[in-house]
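An overview of the molecular structure
Chain by chain, the residues:
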Amino acid sequence: MNNLLQTRFTVAERNSGSMSGLALLRWSLVVIFIWFGCMKFTSYEAHGIAGLIANSPFMSWLHTLFGIEGGARVVGVLELATAAALIAGALVPVLSALGAAMSTATYVITLTFFITTPGVFVPSLGGFPAISGDIGQFLLKDLVLLAASVTLLLASRASSSK
């Protein structure tokens, strides 16, 4: 089984050619997930993301089960677990893919907030494509983070020429 996983996955930065630049993506994502994950354990952050969670069809159940601060802590644990998988993925091929997949899922979900969260688009400016400075612009950065995550995920698949 271990050999099967080793042949299907690789550490993204060790894939074909010079992929050392991907280390910048990995470690940038690690910093973001650790920082944001730790922040989820503060009341300030829990209440700051409450509207995003409450309006999400994928995440609103967190408030029902755990309340505002408990729901934020669950998200924080998932973010810290993603950081841990990304860190371990620098050494273990299957964890390289797992961490990148977890990161990808995170940003796919957060980008759905564009559709589900009131206040993202500014009606006084004509609505779409004008986005608000507080929520819309905060979420827009997730598009780049999604691209970084997908890049790591694709690079974590072993090259067929190996």
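Below, the structure is looked at part by part. Residue numbers restart at each chain and count upward from 1, following the sequence in its written direction. Whole-chain, interface and lining totals are the exception, using all residues; otherwise, since this is a predicted model, local features are given only for residues with pLDDT of at least 70 and side-chain atom pairs are given and counted only at 80 or more. The side-chain quantities take in all heavy atoms of the structure and omit both hydrogens and water.

1. Observations concerning the packing of helix α2 (residues 22-39) against helix α6 (residues 93-116)
Interhelical geometry of α2 versus α6 gives an angle of 55 degrees and a closest axis separation of 12 Å. The angle between α2 and α6 places the two elements in the oblique class. Like other packed secondary-structure pairs, α2 and α6 cross with a definite hand, here left-handed. On α6, the residues touching R26, L29, I32 and F33 of α2 are S96, S103, T106 and Y107. Under the grouping applied here, Gly and all other residues not named as nonpolar or charged are polar, the nonpolar ones being Ala, Val, Leu, Ile, Met, Phe, Trp, Tyr, Cys and Pro and the charged ones Asp, Glu, Lys and Arg. For the contact of α2 with α6, the per-class residue count stands at 4 nonpolar, 3 polar and 1 charged. Angles shown run from 0 to 180 degrees and are taken between the N-to-C directions of axes, each axis being a line fitted to C-alpha atoms and, for helices, limited to the stretch in contact. Elements are defined by DSSP. Helices are runs of H or I of four residues or more, strands are runs of E of two residues or more, and each kind is numbered from the N terminus. The scheme is simple: roughly parallel for angles under 35 degrees, roughly antiparallel for over 145, roughly perpendicular for 65 to 115, oblique for anything else. Here a crossing is taken to be left-handed if its near helix is turned anticlockwise relative to the far helix by less than a right angle, and right-handed if that turn runs clockwise. Throughout, a contact is declared for two residues whenever any of their heavy atoms are within 4.5 Å.

2. Topic: the packing of aromatic side chains
Between the rings of Phe, Tyr and Trp (Trp by its six-membered ring), a pair exists once the centres lie within 6.5 Å; its type follows the angle of the planes, with under 30 degrees stacked, over 60 edge-to-face, and the other angles tilted. Following the criterion strictly, the structure yields 2 aromatic pairs and no others. Between F114 and F121, the aromatic rings sit 6.2 Å apart at their centres with planes inclined by 40 degrees, giving tilted as the arrangement. Burial classes: relative accessible area under 20% of the type maximum marks a residue as buried, over 50% as exposed, and values in between as partly exposed (1.4 Å probe, protein chains only). Accessibility expressed as a relative area gives 15% for F114, which makes it buried. Lysine NZ or arginine CZ positioned within 6 Å of the ring centre and within 35 degrees of the ring normal marks a charge as sitting over the ring. The side chain of K141 reaches across the aromatic face of F138, ending 4.0 Å from its centre.

3. Details of the pattern of salt bridges
Salt bridges, as used here, are contacts in which a Lys or Arg side-chain nitrogen is within 4 Å of a carboxyl oxygen on Asp or Glu. Considering all chains together, one arrives at 5 salt bridges under this definition. Among the ionic pairs, K40 bridges to E45, the shortest N-O distance being 3.5 Å. Across this residue pair, the class does not change: K40 and E45 are buried. Its salt-bridge partner being K141, residue D142 comes within 2.5 Å of it at the nearest N-O pair. Judged by its relative accessible area of 28%, K141 is partly exposed. One network of salt bridges, with partners in common, ties together K40, E45 and E79.

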